[in-house]
Amino acid sequence: MVFLELFFGLIDFLKFVIPLSIIMFIICKLFDPLRKKIVEKYNFSWIKSCLLLNLIIIFILIFSFYMYFVFIGASLAFPTEPELEYNFLEFFLMICLALIRILIVTIILSIVLLFFEFFSSFIIENQKEKQYSDIIKIFIGIFSSVSLFLFLLFFFFNWVPLGLFVYIFYGVVSEPPLLTIINVLKPY
């Protein structure tokens with residue numbers, strides 16, 4: 001019985017790992033020429049070019065995600081009295097404060113992603129003696145890195161996505177609104 005649960009758990013884990021590995025392989029192949037251009041133009045090392053590219057891409061993704069929800073929320077909000085609405089200066093200050101939080105999250109995520117890029121390149125370098133194609137070696141490295149990432153995320157750091165979301169949108173981590181509601185509703 002335990003073996004069946006482990007087997008089906010492994011199958012479910014592979015359902016996450018394989019598609020995410022394919023996506024990350026495609027992203028790696030798309031952005032590798034850009035990283036090489038950064039290396040040539042600015043004479044950066046591999047670490048600096050990866051970190052810079054991580055910073056730029058993650059910042060753009062998180063900022064677009066944030067602005068999407070800000071504009072959706074503004075367009076779907078019920079009309080209020082004019083005194084209670086944000087003016088341009090308040091809206092601008094809200095975006096500036098969000099930019100600071102997004103920048104902090106971007107730096108943290110870029111450094112974490114750099115760790116997984118190190119791990120992937122370590123796996124790729126250990127396969128130098130193998131006779132198969134470089135594309136397969138890169139995919140095996142990415143597959144190993146994605147497997148490690150999902151293992152750590154699912155079993156040790158499952159609180160991180162919600163914490164980052166709450167920090168970006170609400171600006172605090174000490175008392176997120178969802179946990180306050182859960183604490184009120186739980187029986188004593």
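Everything that follows concerns the structure shown earlier in this document.
This is a predicted model, so every value here is computed, not measured.

**Student:** Residue-level account of unusual backbone geometry, with values.
**Tutor:** Its identity as a non-glycine residue notwithstanding, N43 has a phi of 60 degrees, on the positive side. Examined against the element boundaries, N43 turns out to sit in the loop between α1 (2-42) and α2 (46-76).

**Student:** Give a description of the packing of aromatic side chains that names residues and reports values.
**Tutor:** Applying the stated rule across the entire model yields 20 aromatic pairs. Taking the centre distance of 5.9 Å and the plane angle of 85 degrees together, the rings of F69 and F169 count as edge-to-face. Here F169 lies in helix α5 (residues 160-170) and F69 lies in helix α2, a separation of 100 residues in the sequence. Members of the aromatic cluster, joined through ring pairs, are F65, Y66, Y68, F69, F165 and F169.

**Student:** I'd like a rundown of the pattern of salt bridges, residues and numbers included.
**Tutor:** One pass over the full model with this rule turns up five salt bridges. Residue K36 is joined to D32 by a salt bridge in which the shortest nitrogen-to-oxygen separation is 3.3 Å. Placement of both K36 and D32 in helix α1 is noted, with a separation of four residues, approximately one turn of the helix. For K36, a relative accessible area of 43% corresponds to the partly exposed category. The partner of K137 in a salt bridge is D134, with the nearest N and O atoms 3.9 Å apart. With K137 and D134 both in helix α4 (residues 134-155) and three residues apart, this pair spans about one turn of that helix. K137 sits in the buried class, given a relative accessible area of 9%. Shared partners join several salt bridges into a network, and the residues in it are D32, R35 and K36.

**Student:** How would you explain the side chain of R101 if you had to name every residue and give the values?
**Tutor:** By the element assignment, R101 lies in helix α3 (residues 88-125). It turns out R101 is buried and unbridged, and the closest side chain with the opposite charge, E90, is 15 Å from it. What R101 contacts, discounting residues up to four positions off in sequence, is Y66, Y167, I168, F169 and G171.

**Student:** Can you tell me about the state of the cysteines, naming the residues and giving the values?
**Tutor:** One pass over the structure, following the stated rule, counts zero disulfides. C28 supplies the cysteine sulfur nearest to C50, a cysteine that is in no disulfide, at a spacing of 8.7 Å. Judged by relative accessible area, C50 falls into the buried class, the value being 6%.

**Student:** Provide a residue-level description of the packing of α3 against α5, including the pertinent values.
**Tutor:** Angle between the axes and distance between the axes are the two parameters that describe a pair of packed helices. Running from N to C, α3 and α5 point in directions that differ by 155 degrees, and their axes come no closer than 8 Å. Between α3 and α5, the interaxial angle falls into the category roughly antiparallel. The interaxial crossing formed by α3 with α5 has left-handed handedness. Here α3 contributes R101, I102, I104, V105 and L109 to the contact with α5, which in turn contributes L164, Y167, I168 and F169.

**Student:** Lay out the side chain of S110 in plain terms, naming residues and giving numbers.
**Tutor:** With respect to the helices and strands, S110 occurs in helix α3. Filtering out sequence-adjacent residues up to four positions away, S110 remains in contact with L51, N54, L55 and I58.

**Student:** Let's hear about the nonpolar core: which residues, and what values?
**Tutor:** Judged by nonpolar contacts, I58, I62, Y66, M67, V70, I95, A98, I102, V105, Y167, I168 and F169 together constitute the single largest core of 12 residues. Listing elements by their share of this core, those giving two or more residues are α2, α3 and α5. The leading source of residues in this core is α2, at five residues. Not counting the four nearest positions on each side in its chain, I102 is found in contact with F59, I62, F63, Y66 and I168. By size, the runner-up hydrophobic cluster in this structure holds seven residues, among which are V17, F25, I138 and L150.

What counts and how
- Residues numbered from 1 in each chain as written.
- Predicted model: local features only at pLDDT ≥ 70, side-chain atom pairs only at ≥ 80, totals over all residues.
- Heavy atoms only, no water.
- Helix = DSSP H or I, 4+ residues; strand = E, 2+ residues; numbered from the N terminus.
- Phe/Tyr/Trp six-rings, centres within 6.5 Å; stacked < 30°, edge-to-face > 60°.
- Salt bridge = Lys/Arg side-chain N within 4 Å of Asp/Glu carboxyl O.
- Buried < 20%, exposed > 50% of the residue type's maximum accessible area, 1.4 Å probe, protein only.
- Lys, Arg positive; Asp, Glu negative; His and termini not counted.
- Contact = heavy atoms within 4.5 Å.
- Disulfide = S-S within 2.5 Å.
- Axes fitted to C-alpha atoms, helices over the stretch in contact; angles between N-to-C directions.
- Parallel < 35°, antiparallel > 145°, perpendicular 65-115°, else oblique.
- Left-handed = near helix turned anticlockwise from the far one by under 90°.
- Core = buried A, V, L, I, M, F, W, Y, C linked by side-chain atoms within 4.5 Å.

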